Amino acid sequence: MVFVDRAPRGISGVCVIEDDLGGAREAVAHLARHGHRRVAFLGVSTPVTTIRRRLKGYRSALAENGLDDSPELICMPAESPDEAAAELVKRLAAPNAPTAVFSANILCTMALVRALHQVERTDIAVVGFGDFPMAAALNPAVTILDQDPAQVGHVAVERLMQRIENPLAEPSRRTVLPVRLIPRGSGELRPRP
């Protein structure tokens, strides 16, 4: 067996995952380089390990970049991306609101972009984890951390073939594939004065 996207719990195994931790750190550092001091985290409340790794990377990047780490910047109120986005939009109206958002997955990013456009708040910087159709066509186009599903699949099949050829070698090998930041406009917006 080869596990893809998530490492197994309770058993050892070969897994191929993407760099959720490093990608989140890169996203927040990118927003910090563009002048943002209050960066929100948008996600859904779930036991899925990818979200937890991205939250850990987000928190790590806040510390590394000397950014505000107030608990109200973390927006994970429910399992629904639409509810999470609506909650974050409410927080944008509060005093000392975030000026940028790191969105932890594609569904949250799509819900957030839709919610921001509805309230005409396209001045909020956004970096989303994962690309989606039309992300580059929006105004502003959405800056994303690009995942490469084809590469994940290719490496997973390689690991599977290696396990078939030699079942006793490296029973718990973990491969972490990089993600890359694609600046398109939304993540490069500067905070309003």
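Calculation rules
Residues numbered from 1 in each chain as written. Predicted model: local features only at pLDDT ≥ 70, side-chain atom pairs only at ≥ 80, totals over all residues. Heavy atoms only, no water. Helix = DSSP H or I, 4+ residues; strand = E, 2+ residues; numbered from the N terminus. Rg over C-alpha atoms; globule rule 2.2 N^0.38 Å. Buried < 20%, exposed > 50% of the residue type's maximum accessible area, 1.4 Å probe, protein only. Contact = heavy atoms within 4.5 Å. Patch = residues over 30% accessible without salt bridge, like charges linked within 9 Å, V, L, I, M, F, W, Y side chains within 5 Å. Areas by Shrake-Rupley, 256 points an atom, 1.4 Å probe, with all protein chains shown as cover. Salt bridge = Lys/Arg side-chain N within 4 Å of Asp/Glu carboxyl O. Pairing = 2+ DSSP bridges. Axes fitted to C-alpha atoms, helices over the stretch in contact; angles between N-to-C directions. Parallel < 35°, antiparallel > 145°, perpendicular 65-115°, else oblique. Left-handed = near helix turned anticlockwise from the far one by under 90°. Nonpolar A, V, L, I, M, F, W, Y, C, P; charged D, E, K, R; others polar. Core = buried A, V, L, I, M, F, W, Y, C linked by side-chain atoms within 4.5 Å.

A.B. asks: Is there a simple way to explain the overall build of the protein in this structure?
C.D. replies: Counting secondary structure elements, the protein contains five helices and nine strands. Starting at the N terminus, the α and β elements of the protein follow one another as β-β-α-β-α-β-α-β-α-β-β-α-β-β. For the protein, the C-alpha radius of gyration of 18 Å lies close to 16 Å, the compact-globule estimate for 193 residues. With respect to the three principal axes, the spread of C-alpha positions in the protein is 60 × 35 × 30 Å. Within the protein, buried positions represent 48% of all 193 residues. Here the analysis covers contacts within the protein between residues at least 6 apart in sequence; of these, 75% occur between residues at least 24 apart.

A.B. asks: When you look at a nonpolar patch on the surface in this model, what are you seeing that I'm missing?
C.D. replies: On the surface, a cluster of nonpolar side chains totalling about 360 Å² of accessible area is made up of Val157, Leu160, Met161 and Ile164. Residue position: valine 157 is located in helix H5 (residues 149-165).

A.B. asks: Help me understand the sheet that holds strand E7 (residues 143-146) in this model?
C.D. replies: By definition, the strands of a sheet pair up through backbone hydrogen bonds, in either a parallel or an antiparallel sense. Taken in spatial order, the six strands of this open sheet run E4-E3-E5-E6-E7-E9, and their pairing is mixed. The sheet terminates laterally at strand E4 (74-75) and strand E9 (180-182), the two strands that pair on one side only. Inspection of the sheet shows strand E5 (residues 100-103) paired to strand E6 (residues 125-129) by four bridges, in the parallel sense. From the neighbouring strand, phenylalanine 102 faces E6, where its bridge partner is valine 127. Along the sheet, helix H2 (residues 49-64) contacts strand E3 (39-42), E4, E5 and E6; its crossing angle with E3, the most-contacted strand, is approximately 175 degrees.

A.B. asks: Any chance you could explain the environment of valine 126 here in plain terms?
C.D. replies: Tracing the sequence through the fold places valine 126 in strand E6. Classification of valine 126 by relative accessible area gives buried; the value is 3%. A C-alpha to C-alpha distance of 17 Å links valine 126 and glutamine 147, two positions 21 residues apart in sequence. Look past the residues within four positions of valine 126 in its chain and what remains in contact with it is Val101, Thr109, Leu112, Leu116, Val142, Thr143, Ser186 and Gly187.

A.B. asks: Would you take a moment to explain the packing of helix H1 (residues 20-33) against H2 for this structure?
C.D. replies: Each pair of packed helices gets described by two things: the angle between the helix axes and the distance between those axes. With their axes 7 Å apart at the nearest point, H1 and H2 run at an angle of 40 degrees to one another. With respect to their mutual orientation, H1 and H2 come out oblique. Judged by the sense of rotation from one axis to the other, the crossing of H1 with H2 is right-handed. Together, Asp20, Leu21, Ala24, Arg25 and Val28 of H1 and Thr50, Arg53, Arg54, Lys56, Gly57, Tyr58, Ser60, Ala61, Leu62 and Glu64 of H2 make up the contact between the two elements. Looking at side-chain class alone, the contact of H1 with H2 contains six nonpolar, three polar and six charged residues.

A.B. asks: Mind showing me how you'd approach the pattern of salt bridges here?
C.D. replies: Think of it this way: side chains of opposite charge can pair up when their charged atoms draw near. Within this structure, the stated rule accounts for 13 salt bridges. With a shortest N-O distance of 3.6 Å, glutamate 158 and arginine 159 are connected by a salt bridge. On the accessibility criterion, arginine 159 (10% relative accessible area) is buried. Salt bridges linked by common partners bring Asp20, Arg53 and Arg54 together as one network.

A.B. asks: Looking at this structure, how should I read the nonpolar core?
C.D. replies: Nonpolar side chains in soluble globular proteins tend to end up buried together. Ranked by size, the top nonpolar core spans 24 residues in total, and within it Val28, Phe41, Tyr58, Phe102 and Leu145 carry the most contacts. When contributions to this core are tallied by element, the ones reaching two or more residues are H1, E3, H2, E5 and E6. Excluding anything up to four places from it in sequence, phenylalanine 41 contacts Ile51, Arg54, Leu55, Tyr58, Leu73, Ile74, Cys75, Met76, Phe102 and Ala104. The next biggest cluster of nonpolar side chains, apart from the first, holds 23 residues, and it includes Val44, Cys75, Val101 and Ala111.

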